[in-house]
Amino acid sequence: MYGLMMDTPLLISSLIEHASTVFGGTEIVTRTVEGPIHRYTWTDAHLRSKQLAQALQTLDIHDGDAVATVAWNTHRHLELYYGVSGMGAVIHTVNPRLHPSQLVYVLNHAKDRALFIDLTFVPLLEAVQDHLQTVKHFVVMTDAAHMPKTTLPGALCYEDLLAAEDGAYEWPTFDENTAAGICYTSGTTGNPKGVVYSHRSSVLHAYGASLPSALPLSPGDAMLPVVPMFHVNAWGIPYGAAMCGYRLVLPGPRLDGAGLTELMAAEGVTVCCGVPTVHLGLLDHWRESGTGVPSLRMATVGGAAPTRSLIEAFHARGIAFLHGWGMTETSPIGTTCTLSALDEGLTDEQKVDVLMRQGRPLCGVRLRIVDAFGEPLPNDGEAMGELQIQGPWICSAYLGDEPGSALDDEGWFPTGDMAVIHPDGILQITDRKKDLIKSGGEWISSLDLEDVVTRHPEVSVAAVIAVPHEKWGERPLLVVQPAQGTSLSRESVLEFLEGQVAKWWLPDEVVLVDAIPLGATGKVQKSKLRETYGRA
Ligand code: AMP
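Given the structure is predicted, the values throughout are model-derived calculations rather than measurements. (Residues numbered from 1 in each chain as written. Predicted model: local features only at pLDDT ≥ 70, side-chain atom pairs only at ≥ 80, totals over all residues. Heavy atoms only, no water.)

What follows concerns the nonpolar core. Trp 42, Tyr 82, Phe 116 and Leu 248 are the most contacted members of the largest nonpolar core, which totals 82 residues. Looking at which domains feed residues into this core, each of domain 1 (12-26 + 42-199) and domain 2 (256-433) supplies at least three. Apart from residues no more than four positions distant in its own chain, Phe 116 is found in contact with Leu 52, Leu 56, Val 67, Ala 68, Thr 69, Val 70, Leu 80, Val 139, Met 141 and Tyr 158. Core analysis: the second largest hydrophobic core is formed by 26 residues, Leu 260, Met 264, Ala 299 and Phe 314 among them. (Core = buried A, V, L, I, M, F, W, Y, C linked by side-chain atoms within 4.5 Å. Buried < 20%, exposed > 50% of the residue type's maximum accessible area, 1.4 Å probe, protein only. Domains from an automatic or database assignment. Contact = heavy atoms within 4.5 Å.)

Turning our attention to the sheet that holds strand 11 (residues 247-250). Read from one edge to the other, the open sheet built from nine strands follows the order 2-1-11-10-12-13-14-15-16, with strand pairing classed as mixed. Every other strand in the sheet has two partners, leaving strand 2 (37-41) and strand 16 (360-361) as the edge strands with one partner each. For strand 10 (residues 222-225) and strand 12 (residues 271-274), the ladder comprises three bridges, and the chain directions are parallel. Along strand 12, the bridge assignment pairs Met 223 with Val 271. Contacting strand 1 (27-31), strand 2 and strand 11, helix 3 (residues 75-86) crosses the sheet at an angle of about 40° to strand 2. (Pairing = 2+ DSSP bridges. Helix = DSSP H or I, 4+ residues; strand = E, 2+ residues; numbered from the N terminus. Axes fitted to C-alpha atoms, helices over the stretch in contact; angles between N-to-C directions.)

Our focus in this paragraph is the site of the ligand. Around the ligand, the structure places 16 residues, and the nearest of them are His 323, Gly 324, Thr 328, Asp 417 and Arg 432. Between His 231 and the ligand, the recorded distance is 3.2 Å, taken from a side-chain N or O atom to an oxygen atom. For the ligand, a nitrogen atom lies 2.7 Å from a polar atom in the side chain of His 323. Within the complex, the protein chains bury 88% of what would otherwise be the 500 Å² of accessible surface of the ligand. By residue number, the principal contributor to the shell around the ligand is strand 14 (residues 320-326), which donates four residues. In the shell around the ligand, the residues fall into five nonpolar, eight polar and three charged. (Near = heavy atom within 4 Å. Polar contact = N/O pair within 3.5 Å; in protein donor to acceptor, adjacent residues only side chain to side chain. Areas by Shrake-Rupley, 256 points an atom, 1.4 Å probe, with all protein chains shown as cover. Nonpolar A, V, L, I, M, F, W, Y, C, P; charged D, E, K, R; others polar.)

Locating His 137 in the fold gives a position in strand 6 (residues 137-140). Residues His 137 and Leu 152, spaced 15 residues apart in sequence, show a C-alpha to C-alpha distance of 9.1 Å. The contact partners of His 137, leaving out residues within four places of it in the chain, are Leu 59, Arg 113, Ala 114, Leu 115 and Leu 156. Among the polar contacts listed, one links the side chain of His 137 to the backbone oxygen of Leu 59, at a separation of 3.0 Å.

On domain assignment, one finds that the protein holds domain 1 (12-26 + 42-199), domain 2 (256-433) and domain 3 (437-533). Summarising the inter-unit geometry, the C-alpha centres of domain 1 and domain 2 are found 28 Å apart. Contacts between domain 1 and domain 2 engage 11 residues on the former and six residues on the latter. Of the roughly 720 Å² buried at the junction of domain 1 and domain 2 (both faces included), carbon and sulfur atoms supply 70%. Together, Lys 193, Val 195 and Tyr 197 form the three largest contributors to the area buried by domain 1 at its contact with domain 2, with a combined 46%. (Buried area = accessible area lost by both parts, 1.4 Å probe.)

Pasting the structure below:
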């Protein structure tokens, strides 16, 4: 017997339709690539997304065609999120920080037919245009007044395309399992792999991520996502904002501490989100300039583990801290960490211990850890194994591969992260599988070591990698970026660590650098450090 409820497909267009109907006057504010602040409402965004869908049809883009964006977080990028997917095509958000050879690879691999490019990235695309095999249209995301002189063949102007359409367009209805978006993994080894989101997975992810136990935002909030719309769908915030009706404040290309602070303060931003390095930049700026963002009530961090000192620095300013874990393959949010009623009796320090963990799976997602043979391990807070995940917004295969081919025999997706799961179901990532250090047969967690090092007041960023060792197999090497204006020494770092970590965890070498290399998504690039210092 089947249920007798309406079989309404879960489509991305329904989100913006909802926003325009019930939060129509709510603002979306953008610091544009051209410079000035742009503001409009969900009603405007809806109309323009429809004009964009019409323009795509005029460009002969149809169901299932891939349309790429190389763009910052702006209102135009938001329109592409809705216009492209809403009309049945597939938005491929491209990370502009990829190596040019990988940029070419992903554009060809996804068979992108049209390419929407922010002004900043026009030279990037000009340099590789001869290698692009499928792109028929280049659209520069600006108005006629700012159209650059470009060698991109037949380059079109975004605002002109929209101006030619009236927006009298009905979103089509189709199977909710239709592809809606593509995002490639960062590809630290080999070529990036394409993750293909469906309308169903994106809408369900938005529901899951909008639960109060996940990202607790309401129509009273103003959210500034620093996390880019070209990576992991900006945590699904473009969809969640339409679902929940909070204001969006989009920072465009200015992501430095001063630029973000100014915009957040001016727009009364209440919640921001990004990788830990972005938040470190913010805090550094606040310390140096004596400024802050009085309206900010919560900082949300994901993409890499936050350190205790980062959480405490926000708490010291009366700003709550929310931590989440996820991957490109998990849409991206898999878990978030919030305190529960059971944590009420904890001291402030113990509460930070909890908040440093990656948290509970969003309802709909299941987690387990397995040993090297794929055997499940207990959730006892002690056994460490590779994290596996299941759920309706988790990747089952990469673009071009057989359905299910990314899963193990029992239908679990292996994450490549090492973790323990506590008896209360809370996930704690101990390391990336390839970053763990095996010394004398015992594991050293690079994350744990980095966390302790960054409590040193003169340390800004720290990264620990394994280096081969004749006797012990591997030993930790510590790379440190000192805080600005300090005169940190190797000896002071080692002295600081002594007594705080087991003696055999103490790094064999400490290297001081001006700047630790960051990868395409703003995370510490350990592969680069291994190349330079790993001797392997
Ligand atoms: P990406 O697909 O580029 O977003 O990278 C996903 C990877 O980032 C995960 O597999 C983790 O290794 C790492 N990651 C994401 N969030 C966290 C977190 N909260 N704590 C530790 N590592 C994280």
